[in-house]
Every structure is written in structure tokens, then in C-alpha cells.
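Chain by chain, the residues:
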Amino acid sequence: MISFPLDAYKEFMFRQFGPEWRMFGQILKDATFSVMSLIMVFSIGHHLADQFNHDNPVLRANPVIAGLVAFTAFFCLLQQDGDALNRRWLGVAGLFVAILVGVFATRLFLYFFSIKRLHLHLPGGTPDIAIPQAFNAFIPGMLTVLVFAALGAAMQTFVGMSLHEALYQIIRMPFDAIGEGLGRGMLYILSLHALWFAGIHGANVLDPITHDIYGAAMLAMVGCGKFASVQEAADALVETASTTEPDAVLTAKYKARYQNFKKLYPALKDFFAATV
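So, a few notes on the structure that sits alongside this text. Quick caveat: nothing in here was measured; it's all calculated off a predicted structure.

Here is what the cut-offs are and how they apply
- Residues numbered from 1 in each chain as written.
- Predicted model: local features only at pLDDT ≥ 70, side-chain atom pairs only at ≥ 80, totals over all residues.
- Heavy atoms only, no water.
- Phe/Tyr/Trp six-rings, centres within 6.5 Å; stacked < 30°, edge-to-face > 60°.
- Helix = DSSP H or I, 4+ residues; strand = E, 2+ residues; numbered from the N terminus.
- Buried < 20%, exposed > 50% of the residue type's maximum accessible area, 1.4 Å probe, protein only.
- Axes fitted to C-alpha atoms, helices over the stretch in contact; angles between N-to-C directions.
- Parallel < 35°, antiparallel > 145°, perpendicular 65-115°, else oblique.
- Contact = heavy atoms within 4.5 Å.
- Nonpolar A, V, L, I, M, F, W, Y, C, P; charged D, E, K, R; others polar.

## Here's the deal with the packing of aromatic side chains
The final tally for this structure, using the stated rule, is eight aromatic pairs. On the basis of an interplanar angle of 50 degrees and a centroid distance of 5.1 Å, the ring pair of Phe71 and Phe75 is categorised as tilted. Of this pair, Phe71 and Phe75 both sit in helix H4 (residues 63-76), four residues apart, roughly one helical turn. The class of Phe75 is partly exposed, set by a relative accessible area of 27%. With centroids separated by 6.4 Å and ring planes inclined at 85 degrees, the aromatic side chains of Phe74 and Phe75 adopt a geometry described as edge-to-face. Among the residues examined, Phe74 registers a relative accessible area of 0% and is labelled buried. Each residue in the set Phe52, Phe109 and Phe113 is aromatic and connected to the rest through ring pairs, giving one cluster.

Encoded structure:
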């Protein structure tokens, strides 16, 4: 809706709704594609628990709890950016890992859940079936989360990157080996269809790689004369989703404080030299 490539449509939307007409579409994107991995990992956990209950009508696991366990396991593998999580892998870029985590975390949880000695039983019982289901899933869920927390910590300690980044480094290897050009584009198309054949949204999984391919395609169009310059190609092919204007009041405050900041080094230069 916000990237429809028709100038007349964009002008119409601008006239009707003003400069912020893209905001509604951006909100929809943030609520769907930007959290696609979270939706996927929970849905897989829920679905696998439903299958488990169908095959084991006596030993029933709560599908919502299974989905939440897979959800938590996925967060255990995310790399922190300071005090916050790296949001890049919450969207379509983390979809491949979300599928893997959803399957393996739920399978591991259901394996632990099938061991009746790991169930917690309430003395005296309870009329609400949800409470004993939650207690029965407590230890299996904790064990599953601990396994993935250990995996996430091991990746950061010994590999120096998250599982998401490590897998994409592996996926990128054949593309980087081929280099820029037609071969890279052909490999992308083949990989795209192979993932679709496996039932995986190939375009979403390969999203981080497509940016490099688009850049190579733009350079190729400049080289063959389609565009006179890279800037002209970027202006024609790149769509601006939204523009954020600086706050004039805050800008004035930042400039004043920046002037004070620039005075720090000359004032402390001799002190730093004396302490070395």
C-alpha cells in the first residue's frame, strides 16, 4: 500500500491524507512483517502441540504453553544490542531461524513433557484443567528454555555472534564465492524456488541477501546505460517509506550542548597528557 509504484497514486494519497499518509501502512507493517518471526515460532509450537495431543489423547500438552516455550527459546538466541534486543531478527530476516527454533524447541519440550516423572502434581486436585496442565509443563518448559539459553550463551562465547548471524554467514558463503554479476542472481533465483519447494517463503528468508543483489543490479543498469548515474538509479528504484523531520527545539538544545562538548578536549588536554 505504501510502496505502490505509481506516481499518480502517491500524489492522490498525499492530497487526500497529507504528508503522513504512509503512517497507516507503516503501522500495519510493524505489526505484521516486523514481528513475523515471533508469530511464526509461536504458531509452529502451537501446531506441533496440537499434533502431539491428537496422537496422545491421554497425555495432553497445552498448545499455548508449547507456543510460549518456543517463543521464549527464540528470545534466548537473540543477540542483545546494549540493553535492548536486536530487532532485526524479529521480522522476516529471522524467519529461517524461527522455523528451526519452533520445530526443535517444541519437539524437545514435548519429549520432556512425555516423561511423567517431570510432571508436578497438585495435591487434592483442582476443578480447572488449565492449572494442572501448567504445572505439568513447568519443568519440561524450564529444561527446554535452559537448553536454548545455553546454546545462545555458547554461540556468543565461542563463536562471537548469534545463531541468526552464524546461519546467515553460512547462507551467504556460496553467494560471496560467486561474487557480483549474473551468477549471483541465478543462484538467488534457484535458492528462492528451492525454499518455496520446501514450503518456506524464500523471499523472506533471503531478504538480507537481496539487498546486495539489488545493489549489483543497480550498478549493472548504470553500466549498460539504463541510468546515467548511481544516484539516478537510486532515485528511480528506491522508495522512501517515511521521513522524520528534526525537532527544532531539541536541535537548538543539542547544538548548544555540542558547543560545550567541544570545549572539553582543550580544557582536559594537559590533564590527560600528565596522567599518561
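Next comes the rest of the description.
## Things to note about the packing of helix H13 (residues 248-262) against helix H14 (residues 264-275)
Their axes nearest at 5 Å, the elements H13 and H14 cross at an angle of 20 degrees. With respect to H14, the element H13 is oriented roughly parallel. For the pair formed by H13 and H14, the contact residues are Asn260, Phe261 and Lys262 on the first element and Leu264, Tyr265 and Pro266 on the second. In terms of residue class, the contact of H13 with H14 is built from four nonpolar, one polar and one charged.

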